[in-house]
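Listed below are the residues making up each chain.
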Amino acid sequence: TGSAQVTVGVVDTGIDAAHPDLAPNLWTNPGESGGGRETNGLDDDGNGRIDDVHGWDFVDHDAQPQDGNGHGTHVSGTIAARGNDATGVAGLNWSSALMPLRVLGDDGSGFVSNAIRAYTYAARNGARVVNASLGGPTFSRAEHDALAAAPNTLFVVAAGNDGADNDTTPDYPCDYDLVNVVCVAASDHDDALASFSNYGPV
């Protein structure tokens, strides 16, 4: 059932904050909550973002990381949909705190620069784990260094969906050689490698 002490940053298309299985598990920024700070229009915690009570939207640059695509909501449900409540599904960690960080637009695309900002935000705000179900073929020194600069955060990232060998056709951030990056492939209903999934040594 997990622990509410574990904060998981979800670097994706945002989260449906009103979803009954996710709303109870949204992360709350202690520096922007209490005493009316949630909506006072001030940067109470001094991080350069106003009223970021439940994460941040790096696409529209506001405190409403709402999901217009669905992918981030799906991922968040897998991670931490509330369990034992007779609603929907149960996530892998029923009670962890979900930190929504929107870096991908409604079309599912985005910029590495926004992902880097999200990684840094998550680490600085205590995320023990960051899920990043995204990637691309281009090595970015800035992205590599941002991940390396957060050694106390585990980044769980996608291997990619091209059916390719990542050792010959790299996909980043999966292929950064960092101890705090775990690259995850996809399996099918027979627990074998899914046909679309990228892979490593077999």
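Look up a bit, the structure's there.
Only a predicted model underlies this, so the values are computations on that prediction, with no experimental measurement involved.

1. With respect to the side chain of Ser95
And step 1. With respect to the helices and strands, the residue Ser95 is situated in the loop between α1 (71-80) and β3 (97-102).
And step 2. Within the local environment of Ser95, its side chain forms a polar contact with the backbone oxygen of Thr1, the two atoms lying 3.3 Å apart.
And step 3. Apart from the residues within four sequence positions on either side, Ser95 is in contact with Thr1, Gly2, Ser3, Ala4, Asn25 and Arg82.

2. Topic: α1
And step 1. Across the ten residues that make up α1, a large majority, seven, are buried.
And step 2. When we look at burial in α1, the residues that qualify are Gly72, Thr73, Val75, Ser76, Gly77, Ile79 and Ala80.
And step 3. As for α1, its buried residues are in contact with β1 (7-12), β3 and β4 (129-132).

3. A word on a nonpolar patch on the surface
And step 1. The grouping of Leu154, Val182 and Val184 at the surface amounts to a nonpolar patch, some 190 Å² of accessible area in total.
And step 2. Relative to the helices and strands, Val182 resides in strand β6 (residues 181-184).
And step 3. Overall, Val182 belongs to the partly exposed group, its relative accessible area being 35%.

4. Points about the state of the cysteines
And step 1. Inspection of the entire model under this criterion finds one disulfide.
And step 2. Here Cys174 is linked by a disulfide to Cys183, with a sulfur-sulfur distance of 2.0 Å. The disulfide joining Cys174 to Cys183 has a torsion of about -95 degrees about its S-S bond and is therefore left-handed.
And step 3. Exposure remark for Cys174: the relative accessible area of 10% places this residue in the buried category.

5. Examining the nonpolar core
And step 1. The biggest cluster of nonpolar side chains holds 29 residues, and the ones touching the most others in it are Val11, Leu101, Tyr119 and Phe155.
And step 2. Those elements that provide at least two residues to this core are β3, α2 (112-124), β4 and β5 (154-158).
And step 3. Looking at which element gives the most residues to this core, the answer is α2, with five residues.
And step 4. With residues near it in sequence (within four places) discarded, Tyr119 still touches Val11, Val130, Ala132, Leu134, Glu143, Leu147, Phe155 and Pro173.
And step 5. Formed by nine residues, the second largest nonpolar core is a distinct cluster that contains Val8, Val10, Leu26 and Val75.

So, how was this worked out
- Residues numbered from 1 in each chain as written.
- Predicted model: local features only at pLDDT ≥ 70, side-chain atom pairs only at ≥ 80, totals over all residues.
- Heavy atoms only, no water.
- Helix = DSSP H or I, 4+ residues; strand = E, 2+ residues; numbered from the N terminus.
- Polar contact = N/O pair within 3.5 Å; in protein donor to acceptor, adjacent residues only side chain to side chain.
- Contact = heavy atoms within 4.5 Å.
- Buried < 20%, exposed > 50% of the residue type's maximum accessible area, 1.4 Å probe, protein only.
- Patch = residues over 30% accessible without salt bridge, like charges linked within 9 Å, V, L, I, M, F, W, Y side chains within 5 Å.
- Areas by Shrake-Rupley, 256 points an atom, 1.4 Å probe, with all protein chains shown as cover.
- Salt bridge = Lys/Arg side-chain N within 4 Å of Asp/Glu carboxyl O.
- Disulfide = S-S within 2.5 Å.
- Core = buried A, V, L, I, M, F, W, Y, C linked by side-chain atoms within 4.5 Å.

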